[in-house]
Amino acid sequence: MFDTQKDVKWEMAYKFKRNEIREKGKEGNTMEKSKSSKKLVIALVVIVVAIIVVGIAIFKGGAGSSAPADPKAAADQVVSENSSLESNEYKAALEYSKYFDTLSDEETDKLLEDSADAIYDAPEQVKKLCKKYDLKYSTKSEELTSWTEVEKALKDKSFTEVFSEDLLAALKTSADKYGGGYSLDEGNLYLEIEETKDNGTALITLDITPEGVFPWQESIFEVAKGDEAGKTIFTYKAGNDEPFSCIIDGWEGTAFGKAGGYYVSIVVSNQSTSETEDAAVMTQEDMESYLDRIDFTKFM
């Protein structure tokens with residue numbers, strides 16, 4: 001995990017420079033002739049039946065799917081389904097994220113050095129964006145160094161019933177071992193959960209931002225035009241049919257949506273425990289299983 005606030009934020013915002021994940025493809029007398037003919041007829045019948053069965057399966061699968069197969073079409077549909085992507089909170093966070101892409105390595109290092117004691121990595125940029133989008137920003141943060149502190153933060157915000165029992169247990173274990181995240185004075189809550197899996201570990205982060213407040217975490221949902229290929233893009237319907245826009249790229253999945261009076265950003269990253277093996281590729285089913293463990297109807 002991470003030791004400091006800056007390590008956490010910068011790690012989540014900039015370490016995930018992902019490579020494209022591509023699939024690798026790795027004989028007679030008359031009686032004998034009669035038998036061969038019969039075998040050929042039977043084989044043809046089997047092939048025709050197989051084609052029909054596969055065709056029916058494909059037709060049924062396509063009819064029951066709400067997401068287009070084409071990544072670009074899927075991206076357009078996902079964006080159209082989630083009005084949260086038009087919110088000032090999201091626009092400010094996206095503009096803030098893109099700001100860092102304009103910096104050189106030297107400028108980034110200097111920025112981090114100058115803002116070592118600040119709440120945000122680029123405080124002046126945050127102030128500009130908050131003025132532009134009419135948002136509040138935090139001036140104080142409290143590090144949550146143990147489960148006791150995390151539990152208090154959850155109770156203060158009435159989030160005690162948000163997580164499933166197993167996810168809450170993972171949060172308790174990782175909070176006592178590494179620290180659980182940060183609570184900001186304008187109501188933001190940033191949580192980290194490390195969960196052990198059979199084939200490695202998963203790092204789960206949640207940035208929970210009240211309406212009218214600038215988000216704290218820089219890793220956000222984004223589908224760049226022309227960059228949809230090789231990614232899994234879909235809409236997850238949370239409780240009360242709340243749409244969460246999701247994108248999976250390799251071993252990392254990101255989801256963003258609105259629940260109650262909060263904007264919630266979730267990032268799940270598979271981590272390999274082996275130095276010689278890559279982290280496991282994430283599937284839509286994997287990402288949905290994590291989201292299923294959060295009760296978004298409990299965000300009031």
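Details of the structure are given in the entry above.
Residues numbered from 1 in each chain as written. Predicted model: local features only at pLDDT ≥ 70, side-chain atom pairs only at ≥ 80, totals over all residues. Heavy atoms only, no water.

### Some points on unusual backbone geometry
Heads up, the condition is: In DSSP terms, a helix is any run of H or I states spanning at least four residues, a strand is any run of E spanning at least two, and both are numbered starting from the N terminus. Type-normalised accessible area, obtained with a 1.4 Å probe on protein chains alone, sets the label of each residue: buried when under 20%, exposed when over 50%, and partly exposed for intermediate values.
The phi dihedral of Asp 134 falls on the positive side, at around 55°, and the residue is not glycine. Assignment of secondary structure puts Asp 134 in the loop between helix H6 (123–133) and strand S1 (141–144). On the accessibility criterion, Asp 134 (68% relative accessible area) is exposed. Its identity is not glycine, yet Ser 158 carries a phi of approximately 60°, on the positive side. With respect to the helices, strands and loops of the structure, Ser 158 is situated in the loop between helix H7 (147–156) and helix H8 (165–178).

### Details of the nonpolar core
Threshold: Only buried residues count toward a nonpolar core, which is a set of Ala, Val, Leu, Ile, Met, Phe, Trp, Tyr and Cys residues joined through side-chain atoms within 4.5 Å. Working rule for contacts: check all heavy atoms of both residues, and any pair within 4.5 Å makes them a contact.
Counting residues in each nonpolar core, the largest one holds 38 residues, and the members touching the most others are Ile 266, Phe 296 and Phe 299. Excluding residues that lie within four positions of it along the chain, Ile 266 makes contacts with Ile 204, Thr 205, Leu 206, Phe 244, Gly 253, Thr 254, Ala 255, Met 287, Leu 291, Ile 294 and Phe 296. Grouped together as the second largest cluster of nonpolar side chains are 18 residues, Ala 92, Ala 122, Leu 129 and Phe 214 included.

### Thoughts on the packing of aromatic side chains
Quick reminder of the rule: Pairing of aromatic rings covers Phe, Tyr and Trp, the last counted by its six-membered ring, and requires centre-to-centre distances within 6.5 Å; plane angles under 30 degrees mean stacked, over 60 mean edge-to-face, and any other angle means tilted. The criterion is that NZ of a Lys, or CZ of an Arg, lies within 6 Å of the ring centre and within 35 degrees of the ring normal, and then a charge sits over that ring.
As enumerated under the stated definition, the model contains 13 aromatic pairs in all. Aromatic ring contacts, followed pair by pair, group Tyr 96, Tyr 99, Phe 100, Tyr 120 and Phe 214 into a single cluster. Over the aromatic face of Tyr 263 sits the side chain of Lys 258, whose NZ or CZ is 5.6 Å from the ring centroid.

### A closer look at helix H9 (residues 284–291)
Along an α-helix, residues three or four positions apart point the same way, because every turn accommodates 3.6 residues. Selection criterion: Here the arc refers to the directions that run from the helix axis out to each C-beta atom.
Among the residues making up H9, those that are buried are Met 287, Tyr 290 and Leu 291. Looking down the long axis of H9, one finds its buried residues gathered within 100° of arc, a one-sided arrangement. Of the surrounding elements, those touching the buried residues of H9 are strand S3 (189–197), strand S4 (200–210), strand S5 (232–237), strand S6 (243–249), strand S7 (252–259) and strand S8 (262–271).

### Things to note about the environment of Glu 95
Tracing the sequence through the fold places Glu 95 in helix H4 (residues 88–101). A relative accessible area of 28% means that Glu 95 is categorised as partly exposed. Excluding anything up to four places from it in sequence, Glu 95 contacts Leu 129, Lys 132 and Tyr 133.

### Things to note about the pairing of S6
Applied cut-off: Strands pair, by our definition, only if DSSP identifies at least two bridges between them.
Burial analysis of S6 places six of its seven residues in the buried class, the great majority of the element. Examined bridge by bridge, S5 and S6 share six bridges and lie antiparallel to one another. If you follow Ile 233 over to S6, its bridge partner there is Ile 247. The pairing of S6 with S7 spans six bridges and is classified as antiparallel. Paired with Asp 249 across the bridge in S7 is Glu 252. Connecting S6 to the next strand, S7, in antiparallel fashion are two residues, including Gly 250 with a positive phi near 70°.

### Digging into the pattern of salt bridges
Side chains that differ in sign of charge can pair as their charged atoms come close. Here is the rule we go by: Each salt bridge in this description consists of a side-chain nitrogen of Lys or Arg and a carboxyl oxygen of Asp or Glu lying within 4 Å of one another.
Following the criterion strictly, the structure yields eleven salt bridges and no others. Residue Glu 124 is joined to Lys 127 by a salt bridge in which the shortest nitrogen-to-oxygen separation is 3.5 Å. Note that Glu 124 and Lys 127 are positioned in helix H6 at a spacing of three residues, about one turn of the helix. With a shortest N-O distance of 3.4 Å, Lys 298 and Glu 161 are connected by a salt bridge. With Lys 298 in the segment after H9 and Glu 161 in the loop between H7 and H8, this pair connects stretches of sequence that are 137 residues apart. Where salt bridges share partners, they join Asp 166, Glu 195 and Arg 293 into one cluster.

### Structural notes on the packing of H7 against H8
Applicable threshold: Fitted lines through C-alpha atoms give the axes, limited to the stretch in contact for helices. The angle between two N-to-C directions lies from 0 to 180 degrees. Roughly parallel means an angle under 35 degrees; roughly antiparallel, over 145; roughly perpendicular, 65 to 115; everything else is oblique. Each residue gets one label: Ala, Val, Leu, Ile, Met, Phe, Trp, Tyr, Cys and Pro are nonpolar, Asp, Glu, Lys and Arg are charged, and the others, such as Gly, are polar.
Close contact between H7 and H8 brings their axes to 8 Å; oriented N to C, the two are set at 135°. Between H7 and H8, the angle is such that the two are oblique. Taken together, the residues of H8 that come into contact with H7 (itself represented by Trp 147, Val 150 and Leu 154) are Leu 168, Leu 171, Lys 172, Ala 175 and Asp 176. Looking at the contact of H7 with H8, its residues break down into six nonpolar, no polar and two charged.

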